[in-house]
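So you can see what is in the structure, the chains are spelled out below.
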There are 2 protein chains.
Amino acid sequence: MTKLTTQASLTLPFWVKPFLEQWKTPLNSSQERLRLAIALARENVEQKTGGPFASVIVESASSALVSVGVNVVVPGHTSLAHGEIVALFLAQQAWGTHDLAEAGRPALTLATNAQPCVQCYGAILWSGVKHVVQGARGSDVEALTGFDEGPLPQDWEGEWLRRGITLERDILRDEACQVLSRYRSSGAPIYNPGRS
Amino acid sequence: MTKLTTQASLTLPFWVKPFLEQWKTPLNSSQERLRLAIALARENVEQKTGGPFASVIVESASSALVSVGVNVVVPGHTSLAHGEIVALFLAQQAWGTHDLAEAGRPALTLATNAQPCVQCYGAILWSGVKHVVQGARGSDVEALTGFDEGPLPQDWEGEWLRRGITLERDILRDEACQVLSRYRSSGAPIYNPGRS
């Protein structure tokens, strides 16, 4: 019992901060927000620091960047570390709250290069994020990469909407799909459990 | 951009390690595994260190304890930190792998005092855990505490089973429900987003 692990952590890859310092495109539109998410996913594949997935969280009105997340499942030693989870975890700890929608805070948008899997669907539900912009569809991810995305609830979009979360789909879908295809052709791992 | 947060972490409450050192009951049966999860959830309410939820992960055959998790959503500053997520995160980082089912590893059981919400449903799907034991039902959680558990996929149990994850339900359900009722009567927070 004395060997019990009591702390766990996630860290962004070394290249993310300098990459963002070079990024001069504004984040005023859904397209621009998604363009950054796709670029981060592409760079994560190039750098071989994780899967082909990334998210950015911005203040919906001011477009200020709050956090970014890239998939670090394999190097981060946890299947939790999808792009959306990393972005939400960093945003909440940066703000010092479990509730990104708490009174007095600006409304937030999460842009993800691909439709959230069932885990991240639920994580967004509890996060306080108010708007989601997605590129590739879940069916694109499964067809182009071989990852299992899991079952979503029936009427998943309606279930978000009833809890105050709106969705834009198919934004820059072709560009988003190109990164997924590139990951597969690179021979990088499909890390669903039991395959390693 | 220079203020971007690049690391986030979760830590078990201070009382967990001494609590486990006092726990002499073996973990050889589903009931005994769940009894520990319920006791951890109860203590988390008593200590006021989070919501009324906890999980334990054990080696299914040897019953060796691998990790425990208690809900630390509010003190941990992240809506991700449900009991199941904390237990999975600690187990994976302790073992140094994203895949608890990787070749050569013993099969694992996760016992949770209450049915996983949709986020944790998905997290278990990707974790490599092979068997889940649950106490209270999702409907018990919603009726007794007021927490929203979110929509699960249709045939969620079948979707787990098709991916090699088996489930035992309603184990020590009455004891599990007592902790949920106690949380509500303590006046502790319901921390779904937008309520704080």
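Before reading further, recall that the structure is shown in the block above.
Since we're looking at a predicted model, the values are computed, not measured.

Rules and cut-offs
- Residues numbered from 1 in each chain as written.
- Chains lettered and ligands numbered in written order.
- Predicted model: local features only at pLDDT ≥ 70, side-chain atom pairs only at ≥ 80, totals over all residues.
- Heavy atoms only, no water.
- Least-squares fit on C-alpha atoms with pLDDT ≥ 70 in both.
- Contact = heavy atoms within 4.5 Å.
- Helix = DSSP H or I, 4+ residues; strand = E, 2+ residues; numbered from the N terminus.
- Buried < 20%, exposed > 50% of the residue type's maximum accessible area, 1.4 Å probe, protein only.
- Lys, Arg positive; Asp, Glu negative; His and termini not counted.
- Salt bridge = Lys/Arg side-chain N within 4 Å of Asp/Glu carboxyl O.
- Core = buried A, V, L, I, M, F, W, Y, C linked by side-chain atoms within 4.5 Å.
- Buried area = accessible area lost by both parts, 1.4 Å probe.
- Polar contact = N/O pair within 3.5 Å; in protein donor to acceptor, adjacent residues only side chain to side chain.
- Nonpolar A, V, L, I, M, F, W, Y, C, P; charged D, E, K, R; others polar.
- Pairing = 2+ DSSP bridges.
- Axes fitted to C-alpha atoms, helices over the stretch in contact; angles between N-to-C directions.

### Here we look at the relation of the copies chain A and chain B
And step 1. The transform that puts chain A on chain B rotates by 180° and translates by 0.0 Å along the axis, for an RMSD of 0.0 Å. Put plainly, the chains are arranged around a two-fold axis.
And step 2. Both copies contact each other with a shared surface, as 100% of the interface residues of chain A are interface residues in chain B too.

### Points about the side chain of E149(A)
And step 1. Here E149(A) shows up in the loop between α5 (138–145) and α6 (156–162).
And step 2. Summary of buried charges: E149(A) has no salt-bridge partner, and the nearest side chain of opposite charge, R163(B), is 9.8 Å away.
And step 3. Leave out the neighbours within four places in its chain, and E149(A) touches Q115(A), P116(A), C117(A), V118(A), G138(A), V141(A), E142(A) and W126(B).

### Examining the nonpolar core
And step 1. Among the nonpolar cores identified, the biggest contains 138 residues, and L40(A), L65(A), V68(A), W160(A), L40(B) and W160(B) are the most heavily contacted of them.
And step 2. Dropping the residues within four chain positions of it, V68(A) is found in contact with L12(A), V16(A), L20(A), L40(A), S55(A), V56(A), V86(A), A87(A), L90(A) and L4(B).

### Re the interface of chain A and chain B
The parts lose accessible area when they come together, and the size of an interface is often stated as this lost area.
And step 1. Each partner contributes to the interface: chain A provides 64 residues, whereas chain B provides 64 residues.
And step 2. Carbon and sulfur atoms make up 63% of the area that chain A and chain B hide from each other, which totals about 5600 Å².
And step 3. For the pair chain A and chain B, the interface holds two salt bridges.
And step 4. Applying the counting criterion to the chain A and chain B interface returns 20 residue pairs in polar contact (both at pLDDT 80 or more).
And step 5. Among the secondary structure elements, those contributing two or more residues to the side of chain A that touches chain B are β1 (7–11), α1 (16–22), β3 (65–70), α3 (83–95) and α4 (118–127) of chain A.
And step 6. Classifying every residue of the side of chain A that touches chain B by side-chain character gives 29 nonpolar, 26 polar and nine charged.
And step 7. Here β1(A) pairs with strand β1 (residues 7–11) of chain B via five bridges, running antiparallel. Each bridged residue has a counterpart across the sheet, and for A8(A) the counterpart in β1(B) is L10(B).

### Details of the sheet that holds strand β2 (residues 54–59) of chain A
Residues and elements named next belong to chain A.
And step 1. Across the sheet, which stays open at both edges, the five strands sit in the order β3-β2-β4-β5-β6 with mixed pairing between neighbours. Edge positions in the open sheet fall to β3 and β6 (166–168), since each of these has one partner strand only. Here the average twist between neighbouring strands, direction ignored, is 15°.
And step 2. When β2 meets strand β4 (residues 108–114), the two strands line up antiparallel, connected through five bridges. Bridge assignment links I57 to a residue of β4, and that residue is L110.
And step 3. The strands touched by helix α7 (residues 173–185) are β4 and β5 (131–136); relative to β5, the strand with the most contacts, the crossing angle is about 60°.

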